[in-house]
Amino acid sequence: MIVWLNGAFGAGKTATARELVDFMPGSTFYDPELVGNGLRMMLPRKRLEQVSDYQDLPSWRRLVVDTGAALIAEVGGPLVVAMTLLRQEYRDEIFGGFAARRIPVRHVLLHTDETILRERIAGREAIPGDPDASESVRQWCLAHLAPYRAALPWLTADAHVVDTTGITPRQTAQHIADAVREGAGSCDIVQTPEPTAETLAAGVLLFDEEDRVLLVDPTYKPGWEFPGGVVEPGEPPMCAGVREVTEELGVRLDEPLRLLVADWERPQPPGYGGLRLLFDGGKLSSAAAREVLLPGSELRGWRFVTESEAAALLPPVRLSRLRWALRAREQGRPLYLEAGVPTG
C-alpha cells in the first residue's frame, strides 16, 4: 500500500511522513524527490531546459511508480510518500500505474491556511549556509500557492483532507494512521494490469453529425484515446470493441463494425507492442451522445474533435493511426499498417 501525503509546499508533508512511519509498523518513507534529483544528474541539459519542473518529465512519473513498486517488493510493508501533486493528470498517471501493479493508494491532503503557509515558507532555510539558494527555493514555493488554490476543487474531492492548522506533525500523523486503518483516502482508479507480452487491442471510432470523432480521456494513463481496449482470450476483436464501447460510454452498438486499420505496433520497452485494430462504429446521434455515461474510475472526460484538434490531444502513434483510419473510411477499404505506416 502507498500512503501519499499531498499538499502545498509548507504544509508539513515530510515532517508528518516521518512521524507516520512510527504509527504504521513495517512502513518505509519513500521520497520521489530523490528520483527527480537522479534525473537531473543523468539527463542531458538540453532536455532539462525544456521543462520547468521534473514532474513534467514522463521518465520521472514512470520511475516514481517503478521505484515504489520495487521498494514494496524489497521491504514488503507500506510506503509513506510526501510529495506535492497539483496536476490531476499526473496524479492519475502515477496512481494508475500503482493500481496496474495491484498496489492500492491512499491519498491524503494536508491542508493549511495560506497565511500560515506563507509564514512557514518565509522562515524556511532550504539550503543551510546559502541564503541566495534558500531565497530561490522560497520564491519557488510561493509561486506554487496559486496552482495549489486552483487544484483544491479536485484535491478535496479526491483525497482525505486533514486540516493541519494548529496541530503538530505527530498529531497529524496519528490522525492519518487512524483514518487509513478505516479505509480513508482510497482511490477509485481502474486497475489495468500491465501487459507481459504482445497484446491485441480493438478501438472504435464514433462520429457525430459533423463527422468529428469521439475521443476519451483515461484516468490511468497520459493522453487521449479511442474507446476500446485489450481483446480478452477467446474473444472476437469486433465483439471486444462493442463491449468496450458499452462499458466505457454506456452506448450499445447493434450494427456490425467495419474494420478501418490493422496496425502492428512494434515493441518499445517498457511496452510490448502488438496488433491494434480500429473499427468504424458509425455515427452517434445527438440524443445518444447526451446519454453517454463515463465510468469515473476509468475515464475523466470525452469529446468530439476534428482531425486537427485531435493532433493536440493524441500521442503521435495514436494520431498517425487515427489519420490513416480516416483515410481508410474515406476510401471505403481497410488499411494494413506496420508501426503506423501503410504496407502492402
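Read on for a plain summary of the structure. Here the structure is a predicted model, which is why all the values come from computation and not from measurement. (Residues numbered from 1 in each chain as written. Predicted model: local features only at pLDDT ≥ 70, side-chain atom pairs only at ≥ 80, totals over all residues. Heavy atoms only, no water.)

## Considering the overall build of the protein chain
Within the protein chain, the secondary structure is distributed over 13 helices and 13 strands. The principal-axis extents of the C-alpha atoms in the protein chain amount to approximately 70 × 45 × 40 Å. Going through the 344 residues of the protein chain one by one, you find that 46% of them count as buried. Long-range pairs, those at least 24 residues apart, make up 74% of the contacts in the protein chain with a sequence separation of at least 6. About 17,100 Å² of surface is accessible on the protein chain, with carbon and sulfur atoms providing 54% of the total. Looking at the protein chain, you have 37 positive and 48 negative side-chain charges, and the mean spots of the two groups are 3 Å apart. (Helix = DSSP H or I, 4+ residues; strand = E, 2+ residues; numbered from the N terminus. Buried < 20%, exposed > 50% of the residue type's maximum accessible area, 1.4 Å probe, protein only. Contact = heavy atoms within 4.5 Å. Areas by Shrake-Rupley, 256 points an atom, 1.4 Å probe, with all protein chains shown as cover. Lys, Arg positive; Asp, Glu negative; His and termini not counted. Charge placed at Lys NZ, Arg CZ, Asp CG, Glu CD.)

## Looking at the environment of Arg-303
With respect to the helices and strands, the residue Arg-303 is situated in strand E11 (residues 299–305). Accessibility expressed as a relative area gives 36% for Arg-303, which makes it partly exposed. Along the chain, Arg-303 and Ser-52 lie 251 residues apart, while their C-alpha atoms are 29 Å from each other. Once residues within four sequence positions are removed from consideration, Arg-303 is found in contact with Val-213, Leu-214, Leu-215, Trp-224 and Leu-313.

## What about the packing of helix H2 (residues 33–42) against helix H4 (residues 58–75)?
Relative to each other, H2 and H4 sit at 130°, their axes nearing to 10 Å. Taken together, the axis directions place H2 and H4 in an arrangement best described as oblique. For the element pair H2 and H4, the recorded crossing hand is right-handed. Mapping the contact onto sequence places Val-35, Gly-36 and Leu-39 in H2 and Ser-59, Trp-60, Leu-63, Val-64 and Thr-67 in H4. (Axes fitted to C-alpha atoms, helices over the stretch in contact; angles between N-to-C directions. Parallel < 35°, antiparallel > 145°, perpendicular 65-115°, else oblique. Left-handed = near helix turned anticlockwise from the far one by under 90°.)

## Focus: the sheet that holds strand E2 (residues 28–30)
Ordered by their spatial adjacency, 5 strands build an open sheet running E2-E3-E1-E4-E5, and the pairing between neighbours is parallel. Across the chains shown, the open sheet's two edge strands, defined by having one partner strand only, are E2 and strand E5 (160–163). Sheet twist, expressed as the average angle between the axes of neighbouring strands with direction ignored, equals 25°. The sheet contact formed by E2 and strand E3 (residues 79–82) spans 3 bridges and is parallel. Pairing of Tyr-30 across the sheet is with Val-81, part of E3. In this fold helix H1 (residues 13–23) packs onto strand E1 (2–7), E2, E3 and strand E4 (105–111), with an angle of close to 155° to the strand it touches most, E1. Contacting E1, E4 and E5, helix H9 (residues 169–181) runs over the sheet at an angle of about 155° to E5. (Pairing = 2+ DSSP bridges.)

## Looking at the packing of aromatic side chains
A full pass over the atoms with the stated rule returns 3 aromatic pairs. Consider the rings of Trp-302 and Phe-304, whose centres lie 5.6 Å apart with planes at 90°: the pair is edge-to-face. Given a relative accessible area of 13%, Phe-304 falls into the buried group. We note Arg-61 situated over the ring of Tyr-90; from NZ or CZ to the ring centre the distance is 4.2 Å. When the ring centre of Phe-207 is taken as reference, the NZ or CZ atom of Arg-329 above it lies at 3.6 Å. (Phe/Tyr/Trp six-rings, centres within 6.5 Å; stacked < 30°, edge-to-face > 60°. Lys NZ or Arg CZ within 6 Å of the ring centre and 35° of its normal.)

## Considerations on the environment of Ala-146
By secondary structure assignment, the location of Ala-146 is in helix H8 (residues 145–158). For Ala-146, a relative accessible area of 38% corresponds to the partly exposed category. Separated by 138 residues in the primary sequence, Ala-146 and Ala-8 place their C-alpha atoms 9.7 Å from one another.

## Considering the packing of H1 against H9
Orientation of H1 relative to H9, taken along the N-to-C sense of each, is 55°, at an axis distance of 8 Å. On the basis of the axis angle, H1 is oblique to H9. H1 and H9 meet at a crossing whose hand is right-handed. Across the interface between the two elements, Ala-15, Thr-16, Glu-19, Leu-20, Asp-22 and Phe-23 of H1 pack against Pro-169, Arg-170, Thr-172, Ala-173, Gln-174, Ile-176, Ala-177 and Arg-181 of H9. Grouping the constituent residues of the contact of H1 with H9 by class yields 7 nonpolar, 3 polar and 4 charged. (Nonpolar A, V, L, I, M, F, W, Y, C, P; charged D, E, K, R; others polar.)

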